[in-house]
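Chain by chain, the residues run as shown.
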Amino acid sequence: MVSVLESYGFERWPALRESARKVTDSMQLAMRFMDSCKEVILIVEGMPMTAQRIHRQAHTYGELWDSFGDILHQRHLIQVFPATPELDEEPDLTRAFEIILGCMESILTALGDFILAADRAKLYPLGRAAENLQNQVSGDMTRWLEAAKMWDEADGDKLSYEKWIMEFFAGEEG
């Protein structure tokens, strides 16, 4: 006899399995790559305030994948944590911004795919909950796009940029 809980899960909604895996993978990758960027920006570029902000942003994705796991758990779905590769470069700040924004774009895409899969499975509450995460990442991306633009305008002036980034992110948690 199959229990009620055993009849739930990815077997019932197989289309959710891969999209959910990609969401968690994109968040893990963002945290790992952004932490790697933080190391280089701190040690090689000598920009501790910028490195600190990158580090704080990176660790929001650990919280975010926990929130995503809570969404999956609403339907007794197991969250899978795929292995992630290492960042195989030591980026300058311009390249670090490309990596950061690319990671955010990957998360938004993965969440969008999950939302579509949840809606196709008629699991609308899961899709709407994932949209809340998508909105959070989108807001973060807007801030980091502005930070990248300001770096472009700083013309390599690290000291001025460090002052600006402290003021720009002043008052935010973390």
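Rules behind the numbers
- Residues numbered from 1 in each chain as written.
- Predicted model: local features only at pLDDT ≥ 70, side-chain atom pairs only at ≥ 80, totals over all residues.
- Heavy atoms only, no water.
- Helix = DSSP H or I, 4+ residues; strand = E, 2+ residues; numbered from the N terminus.
- Buried < 20%, exposed > 50% of the residue type's maximum accessible area, 1.4 Å probe, protein only.
- Axes fitted to C-alpha atoms, helices over the stretch in contact; angles between N-to-C directions.
- Parallel < 35°, antiparallel > 145°, perpendicular 65-115°, else oblique.
- Contact = heavy atoms within 4.5 Å.
- Nonpolar A, V, L, I, M, F, W, Y, C, P; charged D, E, K, R; others polar.
- Phe/Tyr/Trp six-rings, centres within 6.5 Å; stacked < 30°, edge-to-face > 60°.
- Salt bridge = Lys/Arg side-chain N within 4 Å of Asp/Glu carboxyl O.

Colleague: Can you lay out unusual backbone geometry for me, pointing to particular residues and giving the numbers?
Modeller: Within the chain, K122 stands out as a residue other than glycine whose phi angle is a positive 60°. Residue position: K122 is located in the loop between α4 (93-120) and α5 (124-154). Positive phi, normally seen in glycine, also occurs at D155, with a value near 55°. Considering the arrangement of structural elements, one finds D155 in the loop between α5 and α6 (158-168). Assessed through its relative accessible area of 72%, D155 is described here as exposed.

Colleague: I'd love a proper account of the packing of helix α3 (residues 48-73) against α4, names of residues and values included.
Modeller: Packed helices, taken two at a time, are described by the angle their axes make and the gap between the axes. Viewed as axis vectors pointing N to C, α3 and α4 meet at an angle of 10°, and their least axial separation amounts to 12 Å. Taken as axis vectors, α3 and α4 run roughly parallel relative to one another. Together, T50, I54, Q57, Y61, F68, I71 and L72 of α3 and L93, I100, M104, I107, L111 and F114 of α4 make up the contact between the two elements. Along the lines of polarity and charge, the residues of the contact of α3 with α4 split into 11 nonpolar, 2 polar and no charged.

Colleague: Which residues make up the packing of aromatic side chains, and what values do they have?
Modeller: Summed over the entire model, instances satisfying the criterion amount to 9 aromatic pairs. On the basis of an interplanar angle of 70° and a centroid distance of 6.2 Å, the ring pair of W65 and F81 is categorised as edge-to-face. With W65 in helix α3 and F81 in the loop between α3 and α4, this pair connects stretches of sequence that are 16 residues apart. Taking the relative accessible area as the measure of exposure, W65 reaches 16% and is therefore buried. The class of F81 is partly exposed, set by a relative accessible area of 43%. Ring centres of W164 and F168 lie 4.5 Å apart, and the angle between their planes is 15°; on these two criteria the pair is classed as stacked. Taken together, the residues span about one helical turn, with W164 and F168 both in helix α6 at a distance of 4 residues.

Colleague: I'd like a description of the environment of A30, backed by residues and values.
Modeller: Inspection of the secondary structure puts A30 in helix α2 (residues 14-43). Sequence separation between A30 and Q57 is 27 residues; the distance between their C-alpha atoms is 9.3 Å.

Colleague: Kindly report on the pattern of salt bridges, identifying the contributing residues and their values.
Modeller: If you walk through the whole model with that rule in mind, you get 9 salt bridges. In this structure, R128 and D119 form a salt bridge, with 3.0 Å as the shortest nitrogen-oxygen distance. Judged by relative accessible area, R128 falls into the partly exposed class, the value being 31%. Between E131 and R128 there is a salt bridge, and its shortest N-O distance comes to 3.1 Å. One end of the pair, E131, and the other, R128, are both in helix α5, 3 residues apart, so they sit about a helical turn from each other.

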